[in-house]
Amino acid sequence: MSTLARFAGPLALLAGTVWVIAILIQVAAPLSYAWIGLIASTLLVGGAALGLQHQFGARTGRLGRWGAAATAGGSVALIAILSVTVFTVPYSAATPPPPVLQAASIVSFLLWLVGSLVFALALVRAKAISPIAGWLIVLGAAFGVVLSLAAGQQPPSFIFLPLVLYGVGWVLVGYAARTTAADLGSAGQAS
């Protein structure tokens, strides 16, 4: 088993935990720097998705491979675009980043979001995790994004609460993957 597959469970646990804490801080103190935790969590989710794909492999099928690759690629693209924006565009609250960077960030976010949703559904379909974990990811992301888009540019902070379900889903996925990896490791040592 590869190192990434072995640590996929702890990565997903950490990603979900950081996500939940960051969302709760953002709800309690909307002007805080909790968004940094969300960015870190997206990168952790991408790594966890790749590791889980290595761990469950053929069971998730082509859809799972695509979802894991899209999740990882979208998270790396988000970090790259954020880095380019921070280091090249002078900070000013009055002027947004150039339209090219805005479009690239939206595309990479959608790639990450759709990839993680597809990957969660592939894990559920493959019976690699409990269905509740996958559906929490899907419902949390879908309701969270729809509510935040429907609320406008200055949404009230409680609108982001459904996104907690997304993080809880990844925590459950991480727990299931950690116990599965432990079972696979002990079975490999016994033979």
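Here the residue index of a chain counts from 1 through its sequence in written order. Only residues with pLDDT of at least 70 are given local features in this predicted model, and only at 80 or more are side-chain atom pairs given and counted; all residues enter the totals for whole chains, interfaces and linings. Processing note: side-chain calculations cover all non-hydrogen atoms of the structure and skip hydrogens and water entirely.

### Brief notes about the layout of surface pockets
The test is simple: Using a 1 Å grid laid over the protein atoms alone, points where a 1.4 Å probe fits but cannot get out form a cavity; open sets with protein on both sides within 12 Å along at least 5 of 7 lines form a pocket; any residue with an atom within 4 Å of a point counts as lining. Grid points are joined across faces, edges and corners, and a volume is the space filled by probe spheres set on the points. Here a helix means four or more residues in a row that DSSP labels H or I, a strand means two or more in a row labelled E, and each is numbered from the N terminus. Under the scheme applied here, ten amino acids are nonpolar (Ala, Val, Leu, Ile, Met, Phe, Trp, Tyr, Cys and Pro), four are charged (Asp, Glu, Lys and Arg), and all others, including Gly, are polar.
Taken as a whole, the largest pocket encloses approximately 2000 Å³ of empty space. Along the walls of the largest pocket sit 44 residues, with Trp35, Ile39, Leu78, Leu82 and Ser105 positioned nearest its centre. Going through the elements one at a time, α2 (8-28), α3 (35-56), α4 (61-88), α5 (99-125), α6 (131-150) and α7 (163-190) are the ones with two or more residues in the lining of the largest pocket. Ranked by residues supplied to the lining of the largest pocket, first place goes to α5 with eight residues. Partitioned by chemical class, the residues of the lining of the largest pocket number 32 nonpolar, 12 polar and no charged.

### Comments concerning unusual backbone geometry
In this model, Lys127 sits at a positive phi of 60°, which is unusual for a non-glycine residue. Inspection of the secondary structure assignment puts Lys127 in the loop between α5 and α6.

Functional significance is not addressed by these values, which are geometric in nature.
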